[in-house]
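What follows is the residue order along each chain.
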Amino acid sequence: MLTIYNTLTGKKEPFQSLTAKIVRMYVCGVTVYDYCHLGHARSALVFDVIRRHLESSGYRVEFAKNFTDVDDKIIKRANEQGVSCDTITAKYIQAYYEDMKKLGVRQASVEPKATEHMADIVQLTEALIAKGLAYQVDGDVYFEVAKYSGYGRLSKRRLDDMQAGARVEVDERKRHPMDFALWKSSKPGEPSWESPWGPGRPGWHIECSAMSMKHLGETFDIHGGGMDLIFPHHENEIAQSSGATGKEFARYWIHNGFVQINQEKMSKSLGNFFTIREIFEKSKWSQEVTGEVLRYFLLSTHYHGPLDFSDQGLEEARESLEGFYGLFNRLRESAINTAGDKELQSSVDRVRESFHKAMDNDLNTPVAIAELKKLRNDVNKLLEIGLSTQGRQQARQAFRSMGLVLGLFQLDRWDYRIKPESGHLRILGGNVSLSTRTRMSEEDIEVKIAERAEAKKRKDFKRADAIRAELALQGIIIEDIPDGTSRWKRGSL
């Protein structure tokens with residue numbers, strides 16, 4: 001059974017959906033005024049994998065993730081550039097989709113925008129006023145936190161001890177410093193919408209409550225986001241949503257940890273702030289890091305803890321991923337030796353069970369990846385014993401099916417290139433035409449075959465795989481024979 005750490009209760013709990021075999025999940029999306037950074041990438045991947053695992057476990061997932069497309073930062077950026085807010089938000093929504101595509105993050109079932117739900121936001125605000133939980137001041141509407149007895153239960157804070165926090169404006173008109181805006185009266189030059197309190201726009205928190213309940217119902221299964229959203233954003237969502245309906249808002253609250261850069265918190269002020277695009281474009285990474293490498297790296301740490309982003313971590317992720325794709329290249333070859341087929345079935349069954357146990361244990365992706373590494377090592381050894389063509393296909397399918405849960409190992413054909421300075425493989429997506437390659441002589445091929453044989457004797461399987469991949473790039477197919485020798489032929493990839 002799947003267990004999930006629930007921020008609301010502070011412990012791991014067995015997961016049970018409200019409706020059998022259906023999970024309704026809402027995740028706070030991005031405010032679209034700039035490019036996505038590594039923190040956004042991590043959060044997007046975490047909930048993409050949660051969705052994938054739930055689906056692989058037999059659930060239908062109704063997944064909503066919003067865009068905040070009206071906000072002080074958007075207005076400021078638009079004014080700086082002399083363009084409309086719509087121009088800014090359209091640009092960065094498109095950029096978001098481009099970044100997520102590189103990372104293999106699937107679109108949510110529905111991706112609502114705040115500006116498309118003004119009627120729902122106004123209706124929710126009216127309900128809170130009618131229940132005596134909100135009050136109007138000069139065209140602004142505030143939620144009165146002292147009127148909601150459960151305030152602070154998510155963040156484990158006492159109202160008496162609280163001070164105005166991030167994104168909470170201190171205003172002498174408030175009845176309590178922690179009262180937060182549901183509706184803001186418009187200022188000159190700002191976008192605005194009509195309301196019973198005059199023209200204005202919604203506060204930050206009310207939009208998520210309105211959109212999530214609109215698309216998932218008054219109570220749904222999972223609400224998620226980064227840990228930085230626990231307070232005040234998610235705390236305020238609970239207060240206004242449960243206050244309006246008298247029902248529990250979300251049953252499980254899941255939060256991913258922060259991203260650190262070389263063990264320091266990622267921050268623009270420290271100069272260690274990276275967008276997703278910079279990872280693919282900066283010269284020190286652009287020739288090494290693909291979307292799948294970055295995805296592998298981000299999933300190598302448990303989602304609930306901090307993630308330390310470093311050059312060394314990326315390099316280790318790249319090398320590990322190359323080890324998998326080097327093996328997949330070998331598994332594409334035909335063979336008739338069946339000596340290792342029986343042991344392969346046992347290994348696959350054992351790893352598959354351990355993999356799913358790891359994922360059921362609060363989405364423990366590092367352990368799940370470790371299990372896949374065990375299978376990789378087992379299959380490499382079995383290839384030396386001998387695997388039939390059918391056995392090789394079975395092994396590749398095992399990696400594919402388990403990898404699908406993590407969003408890894410789904411590509412059929414990869415272009416392997418040698419890094420001359422290290423002899424390691426570099427993975428690039430796509431195929432390369434044989435017409436672009438220089439035809440190797442038989443003498444050069446035999447030299448490479450002999451070098452590979454020596455590497456295998458030293459048990460340097462990484463180097464052996466690198467040589468095999470180098471030859472494959474030249475259209476040379478190697479077949480290992482049970483007596484320990486190898487033969488080759490020319491062909492196409």
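Everything numeric in this text was worked out from a predicted model, so none of it was measured.

Enquirer: Residues and numbers for the sheet that holds strand E12 (residues 264-265), please.
Expert: On the basis of which strands lie adjacent, the open sheet formed by three strands has the order E12-E11-E13 and mixed pairing. Of all strands in the sheet, those bounded by a partner on one side alone are E12 and strand E13 (307-309). Relative to E13, strand E11 (residues 259-261) runs parallel, the two being bridged by three bridges. Pairing of Ile261 across the sheet is with Phe309, part of E13. Contacts between helix H1 (residues 38-56) and the sheet are confined to E11 and E13, with E11 contributing the most and set at about 140° to the helix.

Enquirer: Let's hear about helix H5 (residues 204-216): which residues, and what values?
Expert: If you check H5, its first and last C-alpha atoms are 19 Å apart, about what 13 residues at 1.5 Å a residue would give, namely 18 Å. Burial within H5 is extensive, with eleven of its 13 residues counted as buried. Taken together, the buried positions of H5 are Trp204, His205, Ile206, Glu207, Cys208, Ser209, Ala210, Met211, Ser212, Met213 and Leu216. Immediately downstream of H5, the backbone of Gly217 shows phi near 105°, a positive value.

Enquirer: Lay out the packing of aromatic side chains in plain terms, naming residues and giving numbers.
Expert: The geometry of two aromatic rings is summed up by the distance between their centres and the angle between their planes. Tallied over the full model, the rule gives 22 aromatic pairs. When the centroid spacing of 5.3 Å and the interplanar angle of 90° are considered together, the rings of Phe67 and Tyr96 count as edge-to-face. Residue Phe67 is found in the loop between strand E4 (60-65) and helix H2 (72-81), and its partner Tyr96 is found in helix H3 (residues 85-103); the two are separated by 29 residues along the sequence. One aromatic cluster is present, built from ring pairs that chain together Tyr296, Phe324, Tyr325, Phe328, Phe399 and Phe409. One residue, Lys21, lies across the ring of Tyr59, its end atom 5.0 Å from the ring centre.

Enquirer: Which residues make up unusual backbone geometry, and what values do they have?
Expert: A cis amide bond links Phe231 with the next residue in sequence, Pro232, at an omega value of 5°. Along the polypeptide, Pro232 turns up in helix H6 (residues 230-245). Although it is not a glycine, Asp138 sits at a positive phi angle of roughly 50°. Inspection of the secondary structure puts Asp138 in the loop between strand E5 (134-137) and strand E6 (140-143). Relative accessible area serves as the criterion here: at 63%, Asp138 is assigned to the exposed category. Residue Asp362 is not a glycine yet carries a positive backbone phi of 55°. Structurally, the position occupied by Asp362 is in the loop between helix H11 (341-360) and helix H12 (365-385).

Enquirer: Any chance you could break down the pattern of salt bridges for me, citing the residues and the numbers?
Expert: On inspection of all chains with the given rule, the structure shows 32 salt bridges. The salt bridge involving Asp48 is made with Arg295; its shortest N-O contact spans 2.6 Å. Placement of Asp48 in helix H1 and of Arg295 in helix H9 (residues 291-298) is noted, with a sequence separation of 247 residues between them. What you see here is one network of salt bridges that share partners, running through Asp34, Lys76, Arg77 and Glu80.

Enquirer: So what's going on with the packing of H11 against helix H13 (residues 389-406)? Residues and values would help.
Expert: Remark: H11 packs on H13, axes separated minimally by 10 Å, with the N-to-C direction vectors making an angle of 5°. With respect to H13, the axis of H11 lies roughly parallel. From H11, Asp341, Leu344, Gln345, Val348, Val351, Arg352, Phe355 and Met359 reach across to H13, where they touch Gly391, Gln394, Ala395, Ala398, Ser401, Met402, Val405 and Leu406. Class assignment for the residues of the contact of H11 with H13 results in ten nonpolar, four polar and two charged.

Enquirer: So, the state of the cysteines: which residues are in play, and what are the values?
Expert: Linking two cysteines covalently through their sulfur atoms gives a disulfide. According to the stated counting rule, one finds zero disulfides in the structure shown. Not engaged in a disulfide, the cysteine Cys28 finds its nearest cysteine sulfur in Cys208; these two sulfurs lie 3.9 Å apart. Since its relative accessible area comes to 10%, Cys28 is described here as buried.

Rules and cut-offs
- Residues numbered from 1 in each chain as written.
- Predicted model: local features only at pLDDT ≥ 70, side-chain atom pairs only at ≥ 80, totals over all residues.
- Heavy atoms only, no water.
- Pairing = 2+ DSSP bridges.
- Helix = DSSP H or I, 4+ residues; strand = E, 2+ residues; numbered from the N terminus.
- Contact = heavy atoms within 4.5 Å.
- Axes fitted to C-alpha atoms, helices over the stretch in contact; angles between N-to-C directions.
- Expected span 1.5 Å × (residues − 1).
- Buried < 20%, exposed > 50% of the residue type's maximum accessible area, 1.4 Å probe, protein only.
- Phe/Tyr/Trp six-rings, centres within 6.5 Å; stacked < 30°, edge-to-face > 60°.
- Lys NZ or Arg CZ within 6 Å of the ring centre and 35° of its normal.
- Salt bridge = Lys/Arg side-chain N within 4 Å of Asp/Glu carboxyl O.
- Parallel < 35°, antiparallel > 145°, perpendicular 65-115°, else oblique.
- Nonpolar A, V, L, I, M, F, W, Y, C, P; charged D, E, K, R; others polar.
- Disulfide = S-S within 2.5 Å.

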